[in-house]
Amino acid sequence: MAALTIDAARATRAEARRLRVDSLGLSVAVERNLRLATAEKERAKAATARAGSVVPVTSPWSRLEWLRADGELNRVLVLVD
């Protein structure tokens, strides 16, 4: 009876070690994927910002096209009576 209990305890410890190793491997993979996804997201954001400043877009208020990085848009508009 004791031999069965000892064998079961050894098997359980071996399984626990295997699960820890698997868990660590998964954690490393998740961290790597997160770093890659974050870097890709930042590259996509930068590309979108560059495209928006170079490619004309249609204004939501009129049919006029304008560049988002247009220097004229950085000034404050003043009401003229």
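The rules behind each value
Residues numbered from 1 in each chain as written. Predicted model: local features only at pLDDT ≥ 70, side-chain atom pairs only at ≥ 80, totals over all residues. Heavy atoms only, no water. Helix = DSSP H or I, 4+ residues; strand = E, 2+ residues; numbered from the N terminus. Buried < 20%, exposed > 50% of the residue type's maximum accessible area, 1.4 Å probe, protein only. Areas by Shrake-Rupley, 256 points an atom, 1.4 Å probe, with all protein chains shown as cover. Salt bridge = Lys/Arg side-chain N within 4 Å of Asp/Glu carboxyl O. Contact = heavy atoms within 4.5 Å.

K.L.:
In this structure, what is going on with the overall build of the protein chain? I would like to understand it.
P.N.:
Secondary structure summary: the protein chain contains one helix and two strands in total. Counting only residues that meet the buried cut, the protein chain has 4% of its 81 residues in that class. Taken as a whole, the protein chain presents about 7,600 Å² of accessible surface, with 64% of it coming from carbon and sulfur.

K.L.:
What am I meant to see in the pattern of salt bridges here?
P.N.:
Two side chains bearing opposite charge may form a pair once their charged atoms approach each other closely. According to the stated counting rule, one finds five salt bridges in the structure shown. A salt bridge links R18 to E15, with the shortest nitrogen-to-oxygen separation between them at 2.6 Å. Taken as a pair, R18 and E15 lie in helix α1 (residues 2–54) at a separation of three residues, close to a single helical turn. Judged by its relative accessible area of 39%, R18 falls in the partly exposed class. You can call E15 partly exposed: its relative accessible area is 34%. If you follow the salt bridges from partner to partner, you end up with E15, R18 and D22 in one network.

K.L.:
Whenever I open this one, the environment of T58 confuses me. Can you help?
P.N.:
Tracing the backbone through its elements, the reader meets T58 in strand β1 (residues 57–58). Discounting chain neighbours no more than four positions away, the residues touching T58 are R63, L64, E65 and W66.

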